[in-house]
Amino acid sequence: MRLERSPSRTLPRQRWQIHPAQAALAAKIDSQTELSTLLAQVLINRGFITPEQVAGFVNPESLALRSPLEEFADLGIAVELLVQAIADQKKIAICGDYDADGMTSTALLLRALSGLNANVDYAIPSRMQEGYGINQRIVEEFAAEGVALILTVDNGIAAHQPIARARELGLAVIITDHHDLPPELPCANAILNPKLLQPSSVYASLAGVGVAYILAVSLAQRLGKTQTLITPLLELYTLGTIADLAALTGVNRRWLKRGLKLLLRSQFAGIQALIQVSGGADSSHALKPDAIGFRLGPRINAVGRIGDPQVVIELLTTDDAGIALTRAMQCEQTNRERQQLCTQIEREAIAWVEQSQIDLLQACVLVVVQPNWHHGVIGIVASRLVERYGVPVFIGTYEDGAQVRGSARGIPEFDVFAALQFCADLLQKFGGHRAAGGFSLAADQLDKLRSRLSQFACQQLEPAQLKPLVTIDAEANFQQIDWDLYQQIDRLQPWGIGNPEPVFYSPHVRVIDQQPIGKDGLHLKLTLAQPGQSDPSQSIKFKAMAWRWGEYYPLPEVLDVAYRLRGNTWNGQTNLELELVGVRLPAKQLDPPAAQPVSPGSAIRVTTPTAIAWSCPDPPANQNLPNLIWLPLSDPSALLPQLQGHVLVYGDQRPYLAASSTAASLEYDRPSRPCDLLLLWTLPPSWTHLRWLLVKGQPQQIYVRNGLPKLPSALELRQRLQLYLSKNPPQPLNLLELGQKSWVAPCTLISALRDLGYTCENFPPTQALNRELQRLERWYLYPPQQLAQLR
């Protein structure tokens, strides 16, 4: 499909994913909680099914929390290092980052350590000249200034050389970070990173500012000075967590629910000033995550992108109202400049795409690089282009003519970091995670990069996935949409990343009025109507907004619409309105099968019988199994130059190795022919998976790294299974294929299915799902010598 605009392109390109209705279970939750059945369905979709799970979501304060000191192995060490530094009045230096998370983390620890009488200062690397994270210049300047202890925030987990240099110079180092772990950790004195915790930990979703908050609170508790610190610091934690788009799950949900109530009456002059310049707020309500995410967060982030981060640090650490207002106004002005830059670059990028006539179904990825774009904002534009075109986007700009510096954003089915690893030999520098990344390369490598990224994307993606995804919780008639539902949704704040705000859809809605509004008619304002359930002769009407949909004007007269609920206050009057996130032409065949009544103990996927068919085929006998040589993979960089022959690289988050790093021929994941050697970045999800891999690959030697994949929690696994079963017709489940997608064993899947009410006949008994996940974690740590004894 080509991307030229034409009069026939009257609707956004989208794919809808509708959760299956669970009427009986929703009714049961309704009776237990007095939530509406629509909102009960939302909780089911999020995986909250049992009374205990529902109660924990509705009231996060009811959950019992383990102490962070029990979860973070190095937290006690970090606290004692800080206690000693404060007692001896040794100089402590914070190395922060220039995004909202890094700046709020820096401000939080500056306030905390200053309040605890520490001798503390900070530094943030230059986004334009140096890029992300602590570097050798900063380390050596700290050493020259007499710093004894470096404390990184929101960075440092992959900074091996700067940390090693600090230790050489005699400095102690505490790393607080939340980014993905490298194969080997830096030689810091203490490392605090939620990625080191079990995936099921309530602390696993913390952003950098959350780790900083835990460290500050633990230190204050150790020194017996919590009374004046914990509540104010909770405000900075709340601001940074939401502005960084961290997942609002686990302990984040509990602490944010507290913190959101504090921000409107903030004790900080800077936050008060920021609220003031961003248009104030309704003092009768706590700020909501979207208010922070769309109003306060961008004003902070804009400074980090195109301004001086010191402005934000001063804003959040000053107690002078005049200074705070001045800094807040600087943030406001910088944000306006950022908005103008984003609009201009987005228009130029869209124009380039349309003129280039790119066939996205063939390319599977969009790579757009132009001169004179500000690299501080191109990541925002990349996200907008993903929303528009539904494909992974790699966007860049030229620096000094000979270099390209870029940002990348992905879609749910695409791993950005793996794509960059696949192109490692073409890149000078890269980093990131599954959803986003950054990179740089020589300009003369750009065509090769475009071709390589397209090759990788086409291997990973199917044509049906190359559309923006709209995930819908439930079908609703307009008669069910009222203030009571809106208030119930509001009481269950915070909604956000990892716990998205409910999206409903209504079929066969009439568009009775529509008007382009805003600058250049960028948005659409509509009036929608649908016949009522109880009296179809009476139409129920709602006003609706469709942001950035002006190009689709006019929309067809009758549509299925997907939306969130919004309260719009104007001239002192608040009306309930809809915010459109999706539309499609009415087509009943696109709707999910109608739900049938089910009992609470039966299968949640109502379109299948209670008993579910499964398959888990055993591989043929491997006669070579006793002769295999099993070895630990302790230093991949040292091993690679020694490799010969054909090598298969397998495992979750395994790297794409540069062809220049080894003389061996490399293959990934699935063997197309026998291999001489197998590198297991992580073990396969089960012994059965591993035996299949050995039968297909026929290796002589196997190196095992014993990495731990990103395993789903019990809640996440149940959600994934619900979604899979809602999208796929009834058929025997291939437990091997399904398990490989989430890195879980067949017995783990069966335990989850049994949790959901299915009976899986002829499969051996399984333990409770949490126990199965714990057993799975132990499997991934099986050392090579024990694997050699398995038959």
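Provided above is the structure to which this section pertains.
Right, let's walk through the structure included here.

Our next topic: the packing of helix α10 (residues 230-243) against helix α11 (residues 251-263). Their axes nearest at 8 Å, the elements α10 and α11 cross at an angle of 110°. Our classification of the angle between α10 and α11 gives roughly perpendicular. The hand of the α10/α11 crossing is left-handed. Where α10 abuts α11, its residues Thr231, Leu234, Glu235, Tyr237, Thr238, Thr241 and Ile242 lie against Val251, Asn252, Trp255, Leu256, Arg258, Gly259, Leu260, Leu262 and Leu263. A per-class count over the contact of α10 with α11 returns nine nonpolar, five polar and two charged.

Within the secondary structure, arginine 111 sits in helix α6 (residues 100-115). Here threonine 317 takes part through its backbone oxygen, which lies 3.1 Å from a polar atom of the side chain of arginine 111. Within the local environment of arginine 111, its side chain forms a polar contact with the side chain of aspartate 319, the two groups lying 3.1 Å apart. Residues in contact with arginine 111, not counting those within four places in the same chain, are Leu229, Leu233, Leu236, Phe268, Leu316, Thr317, Thr318 and Asp319.

Taking strand neighbours across the sheet as the criterion, the five strands line up as β3-β2-β4-β5-β6 in an open arrangement whose pairing is parallel. Strand pairing shows two members of the sheet lacking a second neighbour, β3 (119-123) and β6 (190-192), which therefore form its edges. Direction aside, neighbouring strands of the sheet carry axes that sit 20° apart on average. Strand direction decides the pairing type here: strand β5 (residues 172-176) and β6, joined by three bridges, are parallel. Along β6, the bridge assignment pairs isoleucine 175 with isoleucine 191.

Counting residues in each nonpolar core, the largest one holds 84 residues, and the members touching the most others are Leu528, Tyr563 and Leu580. Per-element tally for this core: the top contributor is helix α2 (residues 37-45), with six residues. Those residues in contact with leucine 580 that lie beyond four places of it in its chain are Leu526, Leu528, Ala544, Met545, Ala546, Trp549, Val561, Ala562 and Tyr563.

Moving on: the pairing of strand β14 (residues 504-517). As a general feature of sheets, a regular strand has side chains that alternate between the two faces. As defined by bridge partners, strand β13 (residues 474-475) adjoins β14 across two bridges and the pair is classed as parallel. Looking at the pairing, alanine 474 lines up with phenylalanine 504 of β14. Note that β14 and strand β17 (residues 558-570) share five bridges and pair antiparallel. Directly across from tyrosine 505, in β17, lies its bridge partner alanine 562. Inspection of the sheet shows β14 paired to strand β15 (residues 523-531) by seven bridges, in the antiparallel sense. Bridging across to β15, arginine 510 finds its partner in alanine 529.

Applying the stated criterion to the full structure yields 20 aromatic pairs. Their ring planes at 55° and their centres at 6.3 Å tell us that tyrosine 203 and tryptophan 255 sit as a pair that is tilted. Of this pair, tyrosine 203 sits in the loop between β6 and α9 (208-223) while tryptophan 255 sits in helix α11, and the two are 52 residues apart along the sequence. Pair check on accessibility: tyrosine 203 and tryptophan 255 agree, each one buried. Ring geometry for tyrosine 213 against tryptophan 255: centres 5.2 Å apart, planes inclined by 75°, an arrangement best described as edge-to-face. Linking tyrosine 213 in helix α9 with tryptophan 255 in helix α11, this pair joins segments that are 42 residues apart in sequence. Relative accessible area serves as the criterion here: at 10%, tryptophan 255 is assigned to the buried category.

For the rest of this paragraph, the subject is unusual backbone geometry. Note the cis peptide between glutamine 493 and proline 494, where omega equals 5°. Mapped onto the elements of the fold, proline 494 is located in the loop between α20 (483-491) and β14. The peptide bond linking tyrosine 553 to proline 554 adopts the cis configuration, its omega dihedral lying at -5°. Along the polypeptide, proline 554 turns up in the loop between β16 (539-546) and β17. Within the chain, histidine 508 stands out as a residue other than glycine whose phi angle is a positive 50°. You can see histidine 508 is positioned in strand β14. Accessibility expressed as a relative area gives 41% for histidine 508, which makes it partly exposed. For glutamine 698, which is not glycine, the phi dihedral falls at a positive 50°. On the secondary structure map, glutamine 698 appears in the loop between α22 (687-697) and β24 (701-704).

Residues Arg510, Lys525, Lys541 and Lys543 make up a contiguous surface patch of positive charge. Here lysine 541 lies in strand β16. Its relative accessible area of 55% is what places lysine 541 among the exposed residues.

In the structure shown here, the tally under the stated rule is 31 salt bridges. Linking glutamate 141 and arginine 137 is a salt bridge whose minimum nitrogen-to-oxygen distance equals 3.0 Å. Taken together, the residues glutamate 141 and arginine 137, both in helix α7 (residues 136-144) and four residues apart, mark about one turn of the helix. The class for glutamate 141 is partly exposed, based on a relative accessible area of 38%. By relative accessible area, which is 35% here, arginine 137 ends up partly exposed. Of the charged contacts in the structure, one is a salt bridge between arginine 548 and glutamate 346, with a shortest N-O distance of 2.4 Å.

It is worth spelling out the sheet that holds β24 at this point. With parallel pairing, five strands are arranged side by side in an open sheet as β20-β24-β23-β21-β22. The outermost strands of the open sheet, each flanked by one partner alone, are β20 (629-632) and β22 (665-668). On average, adjacent strands in this sheet sit at an angle of 20° to one another, irrespective of strand direction. The sheet contact formed by strand β23 (residues 677-680) and β24 spans four bridges and is parallel. Its bridge partner lying in β24, leucine 678 is registered against isoleucine 702. Set on the sheet, α22 makes contact with β20, β21 (646-650), β23 and β24; between it and β23 the angle comes to about 150°.

Cut-offs and rules
Residues numbered from 1 in each chain as written. Predicted model: local features only at pLDDT ≥ 70, side-chain atom pairs only at ≥ 80, totals over all residues. Heavy atoms only, no water. Axes fitted to C-alpha atoms, helices over the stretch in contact; angles between N-to-C directions. Helix = DSSP H or I, 4+ residues; strand = E, 2+ residues; numbered from the N terminus. Parallel < 35°, antiparallel > 145°, perpendicular 65-115°, else oblique. Left-handed = near helix turned anticlockwise from the far one by under 90°. Contact = heavy atoms within 4.5 Å. Nonpolar A, V, L, I, M, F, W, Y, C, P; charged D, E, K, R; others polar. Polar contact = N/O pair within 3.5 Å; in protein donor to acceptor, adjacent residues only side chain to side chain. Pairing = 2+ DSSP bridges. Core = buried A, V, L, I, M, F, W, Y, C linked by side-chain atoms within 4.5 Å. Buried < 20%, exposed > 50% of the residue type's maximum accessible area, 1.4 Å probe, protein only. Phe/Tyr/Trp six-rings, centres within 6.5 Å; stacked < 30°, edge-to-face > 60°. Patch = residues over 30% accessible without salt bridge, like charges linked within 9 Å, V, L, I, M, F, W, Y side chains within 5 Å. Areas by Shrake-Rupley, 256 points an atom, 1.4 Å probe, with all protein chains shown as cover. Salt bridge = Lys/Arg side-chain N within 4 Å of Asp/Glu carboxyl O. Lys, Arg positive; Asp, Glu negative; His and termini not counted. Charge placed at Lys NZ, Arg CZ, Asp CG, Glu CD.

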